[in-house]
Amino acid sequence: MSYFGGTENETDDPHADKFFTKLSTGCGGAVTGLILRLALPAPVFDLFDYLPPADVDPALLRPGQRLMVPFGRSRRCALLVELATRSSVPTSRLKAAYRLLDEQPLLDEEHLGFLRWAAAYYHHPQGDVLMSALPVRLRKGKAPLTPRPDQLFLLPVAEDVIAGLERRAPRQFEVLCWLRAQGGNARLDDFRQRFPRMRHALDALRKKGWVETGMGETALSPARPAPHKLEPEQRQAVAAVSARLDEYAAFLLDGVTGSGKTEVYFQIAEQVLAQGRSVLLLVPEISLTPQLVRRVRRRLATRVAVMHSGLGEGEREQAWQMARRGEARLVLGTRSAVLAPMPDLGLVLVDEEHDPSYKQQEGFRYSARDMALVRARRADCPVLLGSATPSLESLKNARANRYHWLRLTRRAGKARAPQMQVLDVRNQVLAGGMSGLVLQALEQTLEQGRQAMVFLNRRGFAPVLSCYECGWLSDCPRCDARQTLHRRRGRLICHHCGNERPSPKVCPACQSPELHPLGQGTEQLETILREHFPAHPLIRIDRDSVSRKGSLDNLLAEVKQGRAGLLVGTQMLAKGHHFPNLTLVVMVDVDSGLYSADFRSAERMAQLIVQVAGRAGRGEQPGRVLLQTRFPDHPLLRTLVEQDYAAFAEEALAERKTAGLPPFTHQALIRADALQAETAEAFLEQAARQLTADDGQVMVWGPVPAPMHKRAGRYRMQLLLQADERAALQTRLHGLIPALGKLPEATRVRWSVDVDPLDLY
Ligand code: ADP
Ligand code: ZN
Ligand code: ZN
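Residues numbered from 1 in each chain as written. Chains lettered and ligands numbered in written order. Predicted model: local features only at pLDDT ≥ 70, side-chain atom pairs only at ≥ 80, totals over all residues. Heavy atoms only, no water.

A.B. asks: Talk me through the coordination of the zinc ion (ligand 3); I want residue IDs and the actual numbers.
C.D. replies: Ligation of the zinc ion (ligand 3) by protein atoms is provided by Cys476 (SG), Cys479 (SG), Cys494 (SG) and Cys497 (SG), these donors lying 2.2 to 2.4 Å from the ion. Here the zinc ion (ligand 3) is ringed by 4 donor atoms whose angles at the metal span 103 to 116 degrees, and the overall shape comes out tetrahedral. One chain supplies every donor to the zinc ion (ligand 3), and in sequence these donors are spaced C-x2-C-x14-C-x2-C. Among the residues examined, Cys476 registers a relative accessible area of 4% and is labelled buried. For Cys479, a relative accessible area of 5% puts it in the buried group. (Donors = N, O, S within 2.8 Å, 3.2 Å for Na, K, Ca; no water. Tetrahedral: all angles 85-135°; square planar, octahedral: opposite > 155°, others 65-115°. Buried < 20%, exposed > 50% of the residue type's maximum accessible area, 1.4 Å probe, protein only.)

A.B. asks: Outline the coordination of the zinc ion (ligand 2), listing residues and values.
C.D. replies: Bound to the zinc ion (ligand 2) on the protein side are Cys467 (SG), Cys470 (SG), Cys507 (SG) and Cys510 (SG), at distances that span 2.2 to 2.4 Å. For the zinc ion (ligand 2), the 4 donor atoms in the first shell make angles of 106 to 113 degrees at the metal, a pattern classed as tetrahedral. All donors to the zinc ion (ligand 2) come from one chain, and their sequence spacing reads C-x2-C-x36-C-x2-C. With Cys470 in the loop between strand S18 (464-467) and strand S19 (484-486) and Cys510 in the loop between strand S21 (500-502) and strand S22 (515-518), the pair connects residues that are 40 residues apart, well separated along the chain. Classification of Cys470 by relative accessible area gives partly exposed; the value is 42%. (Helix = DSSP H or I, 4+ residues; strand = E, 2+ residues; numbered from the N terminus.)

A.B. asks: A description of the pairing of strand S13 (residues 345-351) should follow, citing residues and the corresponding values.
C.D. replies: The element S13 is largely enclosed, with a buried count of 7 among its 7 residues. When strand S10 (residues 278-282) meets S13, the two strands line up parallel, connected through 5 bridges. Its bridge partner being in S13, Val279 is matched across the sheet by Leu347. Note: S13 against strand S14 (residues 382-387), 4 bridges, orientation parallel. If you follow Val350 over to S14, its bridge partner there is Leu385. (Pairing = 2+ DSSP bridges.)

A.B. asks: Describe the site of ligand 1, listing the residues and the values that go with them.
C.D. replies: Taken together, the neighbourhood of ligand 1 is formed by 18 residues, with His228, Lys229, Gln234, Gly258 and Lys261 sitting nearest. A distance of 2.8 Å separates a nitrogen atom of ligand 1 from a polar atom in the side chain of Gln234. Lys261 is positioned such that a nitrogen or oxygen atom in its side chain is 2.9 Å from an oxygen atom of ligand 1. When ligand 1 is considered free in solution it has 560 Å² of accessible area, and contact with the protein chains removes 79% of it. Broken down by element, the residue count for the shell around ligand 1 peaks at 3 residues, all from helix H10 (residues 261-274). Across the shell around ligand 1, the residue classes break down as 3 nonpolar, 9 polar and 6 charged. (Near = heavy atom within 4 Å. Polar contact = N/O pair within 3.5 Å; in protein donor to acceptor, adjacent residues only side chain to side chain. Areas by Shrake-Rupley, 256 points an atom, 1.4 Å probe, with all protein chains shown as cover. Nonpolar A, V, L, I, M, F, W, Y, C, P; charged D, E, K, R; others polar.)

A.B. asks: Residues and numbers for the sheet that holds strand S29 (residues 714-723), please.
C.D. replies: Spatially, S28-S29-S27-S30 is the arrangement adopted by the 4 strands of the open sheet, whose pairing is antiparallel. The two strands at the open ends of the sheet, each matched to only one other strand, are strand S28 (698-711) and strand S30 (750-755). On average, each strand axis in the sheet is tilted by 20 degrees relative to the strand beside it, whichever way the strands run. Two strands pair when backbone bridges link them, and S28 and S29 are joined in this way by 8 bridges, in the antiparallel orientation. Paired with Trp701 across the two strands is Leu720, which belongs to S29. Relative to S29, helix H21 (residues 677-691) is tilted by about 20 degrees, and along the sheet it contacts strand S27 (666-674), S28, S29 and S30. Packed on one face of the sheet, helix H22 (residues 726-740) meets S27, S28, S29 and S30 and runs near 25 degrees to S27. (Axes fitted to C-alpha atoms, helices over the stretch in contact; angles between N-to-C directions. Contact = heavy atoms within 4.5 Å.)

A.B. asks: Tell me what's going on with the sheet that holds strand S20 (residues 491-493), and back it up with residues and numbers.
C.D. replies: Strand order across the open sheet formed by 3 strands is S19-S20-S21, with antiparallel pairing between neighbours. Bordering the open sheet on either side are S19 and S21, each of which pairs with just one other strand. Here the average twist between neighbouring strands, direction ignored, is 25 degrees. Here 3 bridges tie S19 to S20, and the two strands are oriented antiparallel to one another. Looking across to S20, one finds that Thr484 is bridged to Ile493.

A.B. asks: Pulling in residues and values, what's your account of the packing of helix H18 (residues 601-613) against helix H19 (residues 635-642)?
C.D. replies: One way to put it is that H18 packs onto H19 with a least axis distance of 11 Å and a crossing angle of 25 degrees. As summarised for this structure, H18 and H19 are arranged roughly parallel, according to the angle between their axes. Seen along the crossing, H18 lies across H19 with a hand that is right-handed. For the pair H18 and H19, contact is made by Ala602, Ala606, Ile609 and Val610 and by Leu636, Leu637 and Leu640, respectively. Tallied by class, residues from the contact of H18 with H19 come to 7 nonpolar, no polar and no charged. (Parallel < 35°, antiparallel > 145°, perpendicular 65-115°, else oblique. Left-handed = near helix turned anticlockwise from the far one by under 90°.)

A.B. asks: Before we move on, could you go through the packing of aromatic side chains and cite the residues and values that matter?
C.D. replies: Evaluation of the coordinates by the stated rule reveals 10 aromatic pairs. With centroids separated by 5.4 Å and ring planes inclined at 15 degrees, the aromatic side chains of Trp117 and Tyr121 adopt a geometry described as stacked. With a gap of 4 residues between them, Trp117 and Tyr121 both fall in helix H2 (residues 109-122), about one helical turn apart. Residue classification places Trp117 among the partly exposed residues on the basis of a relative accessible area of 27%. A relative accessible area of 12% means that Tyr121 is categorised as buried. Their ring planes at 40 degrees and their centres at 5.7 Å tell us that Phe683 and Trp751 sit as a pair that is tilted. Pair noted here: Phe683 is in helix H21 and Trp751 is in strand S30, with a separation of 68 residues, a long-range link. (Phe/Tyr/Trp six-rings, centres within 6.5 Å; stacked < 30°, edge-to-face > 60°.)

A.B. asks: How would you explain the pattern of salt bridges if you had to name every residue and give the values?
C.D. replies: As enumerated under the stated definition, the model contains 36 salt bridges in all. Notably, a salt bridge pairs Glu327 with Arg325, separated by 2.8 Å at the nearest N-O pair. A salt bridge links Glu650 to Arg399, with the nearest nitrogen and oxygen atoms 3.7 Å apart. Placement of Glu650 in helix H20 (residues 645-659) and of Arg399 in helix H14 (residues 392-399) is noted, with a sequence separation of 251 residues between them. Note on Arg399: relative accessible area 43%, which makes it partly exposed. If you follow the salt bridges from partner to partner, you end up with Arg488, Glu526, Arg530, Arg540 and Asp542 in one network. (Salt bridge = Lys/Arg side-chain N within 4 Å of Asp/Glu carboxyl O.)

Now the structure itself:
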């Protein structure tokens, strides 16, 4: 079976299957004695039984430790999950583990329980889930890195306390003054150089809790910005959560862009940190910028472990260890941080809870937002989901009183909500997709010395290159999709599989030179806007222009300093950024979201419009938003523009209810792909057959081709399961999924299960 997506004919480990068969069928008499139940990264749903290593005192064995074990003909690192006294496998057939790798458990039982729940809910092999919660080096059986503090931090100390030290403890005074002069943060090496014989003074300061040693580029500022004086709605929100700090309670912080949700998170987090408990703050991938990290560190003055996909293995492990040992009281991270072990968890915050990046789309397909709720429930602490555009799932829960619904309806401070306007572009002469009105509005804004943003969620020069002579289109040879023209690089690139080739000079089919780009991408907008406004500096922000680490940060800093008048970009621009001088936002094309096969596309587009619009008018000047469309009468678009997101969401929820779609029903998608469509279809037909003895509670559709049938050279089919009750769906999956892996057809396809899928392709 190739559950993990190997190619056809490739099995993960030829012995894994045989081993599993032995375990599950060997009923030749139970054994007693100590049995270790281990998780191994294998495509198998159960745990594996082993005997303890011969030379280890069984009393030293505890769940959460790693062991090296024989596996097939190789050796693997495994995680001890349970200690048992019986196995269904005869002792003679059980192998002994080679050796114990950890003295202390890496994960505590509570956390193991949480991860095992997730494996069961998402129907993903336990070993893979548990192992993916460990840093890569630890998964491979390596020894944990020794934590080596290399930084000194000054914690907030009152001025008169410092002054009082001058006579009583002049050395400590000297160290504090020096550290303060360094901005509250210095490298330990520098300290040693500057004060070669002051170890004792430093130890004394650490004992008092005024100075701390730690790792990473943490910058605790001694000059913490004063908290804002809360607006009434913010105060109510903080009070509502503060009243429930010692129990599980779920809150939806439904606050318009710029309403100060972050300040609400901070003030609640401060209380939890003051109790000595820790805080998990999840943010979407795009929002986790160095600015945000600095803002959090400065404001909360606590040790922060930052976790995101851009970290190196070592950095990631250090952050993970700091979280696990409770040294970092605040974990700030993207999706996978929800898997990080944290003792004394006291608060879970999910910012931009509607963001699709919380859903892992491959391998262990989990929703970090949903797991955050379960995690908070298990830790008996509050969880706060924040968004200006809550997902329909969360709104439904808020309406049903499963979440406490906290609303921030006004922007904080002096900023006002932006004005939205729909521009009908039918029968209009467009320049690079932009109407005359748009160009005029841009000109006006720039002349007033303000900034404008032109948004289009499509990078490259044009989504298609076509031949006017014979109708040739730049199809991708490996996908049911077109290759995008990247003109500056002179290449055609498929955004789905990465396949690329040089952009042809003449038509590959008829040799005609009449090759023309169709449609627009951000590269084209940049070209045209530079021609129109040569005097105004322009910055383009998308995945092509921001490829180097840190370059987004630099570009954004330039924008904030007002050096660029025009900003062009994709959704990298949409989230969280605060440009006080930006007053005009243009969305070049909102139509792709209005009519699409995916029932979630209208919700996504509405969220994007509101988020992008939210970049305008965050300073004292009012903001204006222009939406170009060919469907100015689309009902959901009208509701969004003439009323607001809440009204849109209400209508969209009513539509979903009528159509029997999520969040009113629950779905799971079983996907399969293969080099031949028939192979994938045959596998899913077998799966559907297993489901036909139905109790009427779970509907099964398919197998049908995926919306993008061919991708990267493989044919993709899918089977959709839907039920009114989550429990009924779970019961069916529970019976089905382990059996699927044993089907003979399973060896010839790549297959996966996606519970609560966000994308149906
Ligand atoms: P959101 O996350 O809701 O979009 P932010 O938390 O980023 O909003 O806040 C928007 C701006 O308003 C920030 O510059 C923040 O410092 C400021 N702000 C937040 N709360 C207040 C307040 N109570 N008074 C004045 N300004 C505030
Ligand atoms: Zn041609
Ligand atoms: Zn492709």
